[in-house]
Amino acid sequence: EDASARVADLVTRNLGLTEDRVRALARDLWGFMTLNLVGDARLWLNNSVPTEGFDLWRKLVKHVRSRSEVRRHQLRSKIHQPVPATKLSDVPIALERWDTTLREYAEAGGRTPTFEERRSALINILPESFRHEVFFRLPAMQDDMIGGSQEEQDMAYMALRQQLQRMVEVTV
């Protein structure tokens, strides 16, 4: 990430491409970014060496990655400690907000929480007066997915979420 990606440096890395080919690709990448970068991203373009597209790309990716790390840390607590719904009728929107946070967390490079972590979050989203009832009325709340594949955990979570949503809808 911090290593130079200028054409002269890339050629010495034995990429299997001729210097002319690397130079042409760097120039094409720089030209593409010249046409497409807007806003603050243009600062990197304006301060880059013309035709050094790979080095410009490296700088942009480094900036995006560092912003993703900051965003991921901001979202981590919202994933593990979601805002609880104050009343039962607020649960559907609270679940949608948590799903949005979960998606944003994954987009920022966060790992998908385990079934147990997601189940715990679902319980915490519910109004406190409803948590105990849900825990004992939905058999999936007692499921143990330890050792299950990510796909199995995802399917179990989606089934649990649907059951919980139906239970809330019937109760409201």
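Analysis parameters
Residues numbered from 1 in each chain as written. Predicted model: local features only at pLDDT ≥ 70, side-chain atom pairs only at ≥ 80, totals over all residues. Heavy atoms only, no water. Helix = DSSP H or I, 4+ residues; strand = E, 2+ residues; numbered from the N terminus. Buried < 20%, exposed > 50% of the residue type's maximum accessible area, 1.4 Å probe, protein only. Polar contact = N/O pair within 3.5 Å; in protein donor to acceptor, adjacent residues only side chain to side chain. Contact = heavy atoms within 4.5 Å. Expected span 1.5 Å × (residues − 1). 1 Å grid on protein atoms, 1.4 Å probe; cavity = no way out; pocket = protein on both sides within 12 Å on 5 of 7 lines; lining within 4 Å. Points joined across faces, edges and corners; volume = space filled by probe spheres on them. Nonpolar A, V, L, I, M, F, W, Y, C, P; charged D, E, K, R; others polar.

1. Focus on the side chain of R72
Thought 1: You can see R72 is positioned in helix α4 (residues 53-80).
Thought 2: Overall, the relative accessible area of 18% leaves R72 in the buried class.
Thought 3: At 2.9 Å, the side chain of R72 forms a polar contact with the backbone oxygen of A108.
Thought 4: The contacts of R72, once residues within four sequence positions are left out, are Y105, A108, G109 and G110.

2. Digging into helix α5 (residues 91-107)
Since there are 3.6 residues in each turn of an α-helix, residues three or four apart along the chain are aligned in direction.
Thought 1: If you check α5, its first and last C-alpha atoms are 24 Å apart, about what 17 residues at 1.5 Å a residue would give, namely 24 Å.
Thought 2: Downstream of α5 by one or two residues, G109 has phi in the positive range, about 100°.

3. Some details on the layout of surface pockets
Unoccupied space between atoms shows up once a probe the size of one water molecule is rolled over them.
Thought 1: By volume, the largest pocket amounts to about 220 Å³.
Thought 2: For the largest pocket, the lining is made up of 13 residues, of which P82, V83, A94, R97 and W98 are closest to its centre.
Thought 3: The biggest single contributor to the lining of the largest pocket is α5, with 5 residues.
Thought 4: In terms of residue class, the lining of the largest pocket is made up of 8 nonpolar, 2 polar and 3 charged.

4. As for the environment of M158
Thought 1: With respect to the helices and strands, M158 occurs in helix α8 (residues 150-171).
Thought 2: According to the relative accessible area criterion, M158 is partly exposed, its value standing at 41%.
Thought 3: As for M158 and R118, which are separated by 40 residues in sequence, their C-alpha atoms are 10.0 Å apart.

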